[in-house]
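Survey of secondary and tertiary structure
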Amino acid sequence: MKKTVLFASAALMMGVFASCGGGQKAEQAAEAAAPAEAAAPTYELMTNLPTVDIKTFPQDKEGRYVIFDGKTFNGWRGYNKENVPGAWTIEDGCIKINGSGRGEAGAENGGDLIFMSKLQNFELELEWKVGKGSNSGIFYLIQEVKDQPAYISAPECQVLDNENHPDAKLGAELGIRQSSSLYDMIPAKPQNAKPYGEWNKVKILCYKGTVAHYQNDQNVVEYHLWTPQWDELLQKSKFSKEKWPLAYELLSNCGGANHEGFIGLQDHGDDVWYRNITVKVLD
């Protein structure tokens, strides 16, 4: 009787050990079969290009820095460049991008324009006017990334002729590519843009992650950076982790470690004018 019990106990223990060993092997096999998580995209920031201190610029009576004097490109240069690209000129007190007809940054002497002082918490105000069928954009919190466009790292307030440019009707939701929208993510509501050839007033507020776009004195967009809401917006856009991993990586952390970056004007290959550009620093 004792021998029978001992043999039965030994057999049971062997079965338990065999079962545990089999479970470990199964787990190991499952881990081996599971796809490895993709490595984070690599990129190089351009950190040695010229900069300016916004505090050296004149202020208006409201304490706003006047960052375009209507006569010179003082404080401005091309994105990822040391100088202002030739496609940008000054005309009648305005910064003008002269259309190349070649689309986004298609001209050999084109490319986006940036103001050379990084900003963190601020209000940017300006006026813009587009030619018929023209497209541009206002970027903020830009990081200069080698061999990549400005919009890969920066939210964009859209500048557009809503009536004549096809982008107005594109995107996953109607309106997310119209003027003053958060490009490809949030439509501007109400959509109160004036037609091509007329001036539109824009204000962009960025304060500790809260962002608002104002168009012609009305609040048309509001959202919050570095939050689950921001991630959800990115994942539903052309900048999702699946569609464009590098853009997703940069925009998820837009502004970098210090949550600061440059403001910029987009060369989309069309005639667009900007004037009365001022910044109120909110730090």
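Refer to the structure printed above.
Overview of the structure. (Residues numbered from 1 in each chain as written. Predicted model: local features only at pLDDT ≥ 70, side-chain atom pairs only at ≥ 80, totals over all residues. Heavy atoms only, no water.)

**With respect to the packing of aromatic side chains**
Note the following rule: Two aromatic rings, drawn from Phe, Tyr or Trp (for Trp, its six-membered ring), form a pair once their centres lie within 6.5 Å of each other, and the interplanar angle then sorts them: stacked below 30 degrees, edge-to-face above 60, tilted otherwise. Numbering of helices and strands runs from the N terminus; a helix is a DSSP stretch of H or I covering at least four residues, while a strand is a stretch of E covering at least two. A simple rule labels every residue: compare its accessible area, found with a 1.4 Å probe on the protein chains alone, to the largest value its type can have, and call it buried under 20%, exposed over 50%, or partly exposed in between. Geometrically, a lysine NZ or arginine CZ counts as sitting over a ring once it is within 6 Å of the ring centre and also within 35 degrees of the ring normal.
Under the criterion given, the structure shown has 5 aromatic pairs. Ring centres of F57 and F115 lie 5.3 Å apart, and the angle between their planes is 75°; this geometry places the pair in the edge-to-face category. Of the two residues, F57 is situated in the loop between α1 (2-33) and β1 (65-66) and F115 in strand β5 (residues 113-115); the sequence distance between them amounts to 58 residues. Take F57: its relative accessible area is 8%, and that puts it in the buried class. For the cation-ring pair, R77 lies above F262, with the distance from its terminal atom to the ring centre recorded as 5.8 Å. Residue placement shows K129 over the ring face of W273; its charged tip is 5.0 Å from the ring centre.

**What about empty space enclosed by the protein?**
Put simply, the test is: As defined here, a cavity is a set of points on a 1 Å grid over the protein atoms alone where a 1.4 Å probe fits but cannot get out. A pocket is an open set with protein on both sides within 12 Å along at least five of seven lines, and residues line them when an atom is within 4 Å of a point. Grid points are joined across faces, edges and corners, and a volume is the space filled by probe spheres set on the points.
Scanning the entire structure with this criterion turns up 1 cavity of 30 Å³ or more. In this model, the largest cavity occupies a volume close to 50 Å³. Every residue lining the largest cavity is listed: Y151, A154, P155, E156, Y183, M185 and F239.

**Observations concerning the nonpolar core**
Rules: Side-chain atoms within 4.5 Å are what join buried Ala, Val, Leu, Ile, Met, Phe, Trp, Tyr and Cys residues into a set we call a nonpolar core. Only heavy atoms enter the contact rule, under which two residues are in contact if any of them lie within 4.5 Å.
Core analysis: the largest hydrophobic core is formed by 63 residues, its most contacted members being W76, I95, I138, Y140, Y223, W230 and Y274. When neighbours within four sequence positions are excluded, Y140 is seen to be in contact with F122, A154, P155, C157, L182, I204, V211, H213, Y223, F262 and I263.

**Concerning the sheet that holds strand β2 (residues 76-78)**
Worth spelling out the cut-off: Note: two strands are recorded as paired if DSSP finds a minimum of 2 bridges between them. Every axis corresponds to a line fitted to the C-alpha atoms, with the helix fit spanning only the stretch in contact, and the corresponding angles, defined between N-to-C directions, vary from 0 to 180 degrees.
Across the sheet, 5 strands lie side by side as β2-β5-β12-β7-β8; this open sheet has antiparallel pairing. Either end of the sheet is taken by a strand with one partner, and the two such strands are β2 and β8 (156-160). Shown here is a sheet whose adjacent strand axes are inclined to one another by a mean of 25°, direction ignored. As paired strands, β2 and β5 are joined by 3 bridges and run antiparallel to one another. Following the sheet pairing, W76 is matched in β5 by F115.

**Looking at the pattern of salt bridges**
Selection criterion: Salt bridges are defined by distance alone: a side-chain nitrogen of Lys or Arg within 4 Å of a carboxyl oxygen of Asp or Glu.
All chains considered together, the criterion is met by 10 salt bridges. One salt bridge in this structure joins K146 and E44, with 3.8 Å as the shortest N-O distance. Highlighted residues: K146 in the loop between β7 (135-142) and β8 and E44 in the loop between α1 and β1, separated in sequence by 102 residues. With a closest N to O distance of 3.1 Å, R275 and E127 form a salt bridge. Taken together, the positions of R275 in strand β13 (residues 272-281) and E127 in strand β6 (residues 122-130) put the pair 148 residues apart, joining distant regions of the chain. Of the residues examined, R275 reaches a relative accessible area of 25% and is grouped as partly exposed.

**Let's talk about the packing of helix α2 (residues 228-235) against helix α3 (residues 245-252)**
Between two packed helices, what matters for the description is the angle formed by their axes and the separation of those axes. What counts, and what does not: Here the word oblique covers every angle except those under 35 degrees (roughly parallel), over 145 (roughly antiparallel) and from 65 to 115 (roughly perpendicular). Crossings are assigned a handedness: left-handed for a near helix turned anticlockwise from the far helix by less than a right angle, right-handed for a clockwise turn.
Where α2 meets α3, the axes come as close as 11 Å, and the angle between the chain directions of the two elements is 160°. The pairing of α2 with α3 is recorded here as roughly antiparallel in orientation. Crossing hand, α2 versus α3: right-handed. Side by side, α2 and α3 meet where W230, D231, L234 and Q235 of the first sit next to Y248, L251 and S252 of the second.

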